[in-house]
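# An overview of the molecular structure
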Amino acid sequence: MASCSLIPSTSSLVSSSLCKLFTSRNSMATVGLLSFAPKTSSFTLLSIKQRDYHKSSFRVRSVAATVEDITGFDDMVAGTQRKYYMLGGKGGVGKTSCAASLAVKFANSGHPTLVVSTDPAHSLSDSFAQDLTGGTLVPVEGPECPLFALEINPDKAREEFRSATQKSGGTGVKDFMEGMGLGMLVEQLGELKLGELLDTPPPGLDEAMAIAKVMQFLESQEYSMFTRIVFDTAPTGHTLRLLSLPDFLDASIGKILKLRQKITSATSAIKSIFRQEQTSQQDAADKLEQLRERMIKVRELFRDTDSTEFVIVTIPAVMAINESSRLRASLKKEHVPVKRLVVNQILPPSATDCKFCAMKRKDQSRALDLIQNDPELSNLTLIQGPLVDVEIRGVPALKFLGDIIWK
Ligand SMILES: Nc1ncnc2c1ncn2[C@@H]1O[C@H](COP(=O)(O)OP(=O)(O)OP(=O)(O)O)[C@@H](O)[C@H]1O
């Protein structure tokens, strides 16, 4: 029996003798069950993924740290309310490794945790060395407390956007506008660049929709157990576009909806004659409005200093640091809370450097100086992650990395 700390508020959520933990999005089949025996204060996690059957038990210890005088990981782990950690940075710096190691550390510290990849090029499965694909919550085997992973398929999110904006079977802005009862305005609306919006969903939209989807999941009772959500986000460019999305959508979808409203109220007299068409137009309009609201929620989540923190991950190299500085400036502009900067892959100390290592060390040291003098980065808490000599794959390796980085 593995030992586990659980958050008091969480235990009350699972006080029934057996509660459904989650269901597969596609099949709606139950793939996980959590049973709780109040007398022995023990939980039994039964998870069934396809044909695999996995059963583990863990005892409840009282949780977590006090909130006074805490820094570092203590600050991240303290408290029973749900917190979101978004890890982002330049491609290849170690975002996934850091996100996965943080998720393992949260789970081993008593937080039922969900780690989500919204990077179109998922690597959570590679990092955990387990098959976590399928766009649904999959239990990660290994940590002491429940840890689930979710790789959101960006193609599906994009498809959803297209079906929300296009009349069934139709393509392009003209069909969509006609579907919305605005066919006569297609020409006049040229300058809004709606064609671009509808035919080629804006970059960052898939990631924003993925995050919106996770938030939707988490609103339901069956997913309310998670107290830490870690996002492995797509490289910098996507993140920045994601943050500017709500304004962009407001400017485009908002205008369409307003126009449509004007027209439908002007033509209300003939509404009843075309009731069928009206319904499908209303359906499209509702979906667009829902999309816009979800994007606004995602932006609010990013800006919520009480529950969210964006952690920038970088490496000690000039190009990566410059990109991190720009990312931090943009996040500041968007009021996204950032406190920590992880500098990953720093050469560990050595008494006897070869020529290559000595050069590399000097180079890294210059890059670290750059951080100290960077107006955007110098006031962040610096977390140094060493370059390790083996590939970090699987829960034991992630635990090892997490214990070094998240202190
Ligand atoms: N501290 C480290 N020491 C050694 N290898 C590391 C370290 N951190 C990450 N790596 C390795 O670097 C590679 C890239 O890491 P990872 O996939 O975590 O980066 P990423 O930023 O998520 O990449 P992408 O932007 O492509 O998603 C992996 O092979 C990983 O094992």
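Residues numbered from 1 in each chain as written. Predicted model: local features only at pLDDT ≥ 70, side-chain atom pairs only at ≥ 80, totals over all residues. Heavy atoms only, no water.

Here helix 11 (residues 318-333) is 16 residues long and its end C-alpha atoms lie 23 Å apart, about the 22 Å a rise of 1.5 Å per residue gives. The set of residues buried in helix 11 consists of Ala320, Ile321, Glu323, Ser324, Ser325, Leu327, Arg328 and Leu331. His335 sits one or two positions beyond helix 11 and adopts a positive phi of about 60°. (Helix = DSSP H or I, 4+ residues; strand = E, 2+ residues; numbered from the N terminus. Expected span 1.5 Å × (residues − 1). Buried < 20%, exposed > 50% of the residue type's maximum accessible area, 1.4 Å probe, protein only.)

Strand pairing in a sheet relies on backbone hydrogen bonds, with the paired strands running either antiparallel or parallel. The 8 strands are arranged 8-9-7-10-6-11-12-13 in an open sheet whose pairing can be described as mixed. Among the strands making up the open sheet, the edge pair consists of strand 8 (138-139) and strand 13 (381-386). Sheet contacts for helix 11: strand 6 (83-89), strand 11 (308-314) and strand 12 (338-346); angle to strand 11, the most-contacted strand, approximately 160°. (Pairing = 2+ DSSP bridges. Contact = heavy atoms within 4.5 Å. Axes fitted to C-alpha atoms, helices over the stretch in contact; angles between N-to-C directions.)

Residue-level pLDDT values for the protein chain average 73, and 58% of them are 70 or greater. Low confidence marks residues 167-171, where pLDDT is under 50. Its contacts with residues over four positions away, or in another chain, come to 4 contacts. Model confidence for the complex: the whole-complex pTM is 0.73, and ipTM, which rates the interface, is 0.98. (pLDDT = per-residue confidence, 0-100.)

Moving on: the site of the ligand. The full set close to the ligand counts 15 residues, and Lys95, Thr96, Ser97, Asn344 and Pro386 are the nearest of them. The separation between an oxygen atom of the ligand and a polar main-chain atom of Val93 is 3.1 Å. For the ligand, an oxygen atom lies 2.7 Å from a polar atom in the side chain of Lys95. Starting from 630 Å² of accessible surface for the ligand in isolation, the protein chains cover 77%. Tallying contributions element by element places helix 3 (residues 95-108) first for the shell around the ligand, with 3 residues. A class-by-class count of the residues in the shell around the ligand yields 5 nonpolar, 7 polar and 3 charged. (Near = heavy atom within 4 Å. Polar contact = N/O pair within 3.5 Å; in protein donor to acceptor, adjacent residues only side chain to side chain. Areas by Shrake-Rupley, 256 points an atom, 1.4 Å probe, with all protein chains shown as cover. Nonpolar A, V, L, I, M, F, W, Y, C, P; charged D, E, K, R; others polar.)

This part is about the environment of Asp369. When you line up the elements, Asp369 lands in helix 12 (residues 355-372). When its relative accessible area of 43% is taken as the criterion, Asp369 is described as partly exposed. Residues Asp369 and Glu391, 22 residues apart in the sequence, show an inter-C-alpha distance of 27 Å.

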